[in-house]
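Residues per chain are reported as follows:
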Amino acid sequence: AVVSTQSTGDGKCGDDTEDPLDVTGPIRTPTILVLIGITTIRFGLWIFDLAISQMFQLSVREEHRNTVGGVQTSLNSFFDFTYILLTVFLSDPKQFDILIIISCVACIGSCLIYLVWFAKTGGLVQRPQQASMVAKNPTAEDDAVTPDQPDNSNSSNV
């Protein structure tokens, strides 16, 4: 689109100027694709966060959760600070490809670390003490009467 910068003599631009916030034409499709991509990425991040929370609760013993959680929070803060420093020192748009490469290497590296852990441990396996805790503490669903079993709790011996 061509924007007219002709002056009418009174210091104001002409009436034929376009609205700069009008999103029509060829820029509309990439904008929609970027918004869909951001939404999809945020959903994936939310699912990933839930998976980490579940892994943490299932694999870390209760007496060690504060220590492991503190180390995890410290590492998260350290890497957040690191990427902020990288964007400060590599702020020239010509250096953006370096940031992309660092990001890809970090993502692939974290996937490899997870795969090595998964191969060594076999993933999340229920410990024997967790199985015994479930057996000792039945839930309300375990106490419910099924249709095949008669309810004898209120029957009298007559």
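Residues numbered from 1 in each chain as written. Predicted model: local features only at pLDDT ≥ 70, side-chain atom pairs only at ≥ 80, totals over all residues. Heavy atoms only, no water.

Peer 1: Describe the overall build of the protein, naming the residues involved and giving the relevant values.
Peer 2: Across its full length, the protein carries five helices and zero strands. When the helices and strands of the protein are listed from N to C terminus, the series reads α-α-α-α-α. Each of the 158 residues in the protein was classed as buried or not, and the buried ones make up 5%. Long-range contacts, defined as pairs at least 24 residues apart, comprise 31% of the intrachain contacts of the protein with a sequence gap of at least 6. (Helix = DSSP H or I, 4+ residues; strand = E, 2+ residues; numbered from the N terminus. Buried < 20%, exposed > 50% of the residue type's maximum accessible area, 1.4 Å probe, protein only. Contact = heavy atoms within 4.5 Å.)

Peer 1: Describe helix 3 (residues 96-121), and please don't skip the residues or the numbers.
Peer 2: If you check helix 3, its first and last C-alpha atoms are 38 Å apart, about what 26 residues at 1.5 Å a residue would give, namely 38 Å. At the exit of helix 3 stands Gly122, carrying a positive phi of roughly 80°. (Expected span 1.5 Å × (residues − 1).)

Peer 1: Just give me the short version of the packing of helix 1 (residues 28-59) against helix 2 (residues 65-89), but keep the residues and values in it.
Peer 2: Interhelical geometry of helix 1 versus helix 2 gives an angle of 145° and a closest axis separation of 11 Å. Crossing of helix 1 over helix 2 shows right-handed handedness. Judged by residue contacts, Ile52, Phe56 and Gln57 of helix 1 engage Arg65, Val68, Gly69 and Gln72 from helix 2. Within the contact of helix 1 with helix 2, the residues separate by chemical class into three nonpolar, three polar and one charged. (Axes fitted to C-alpha atoms, helices over the stretch in contact; angles between N-to-C directions. Left-handed = near helix turned anticlockwise from the far one by under 90°. Nonpolar A, V, L, I, M, F, W, Y, C, P; charged D, E, K, R; others polar.)

Peer 1: Lay out the layout of surface pockets with the relevant residues and their values.
Peer 2: Considered as a void within the structure, the largest pocket measures approximately 1,800 Å³ in volume. When residues of the lining of the largest pocket are traced back to their parent elements, those giving at least two are helix 1, helix 2 and helix 3. For the lining of the largest pocket, the residue count by class is 21 nonpolar, eight polar and two charged. (1 Å grid on protein atoms, 1.4 Å probe; cavity = no way out; pocket = protein on both sides within 12 Å on 5 of 7 lines; lining within 4 Å. Points joined across faces, edges and corners; volume = space filled by probe spheres on them.)

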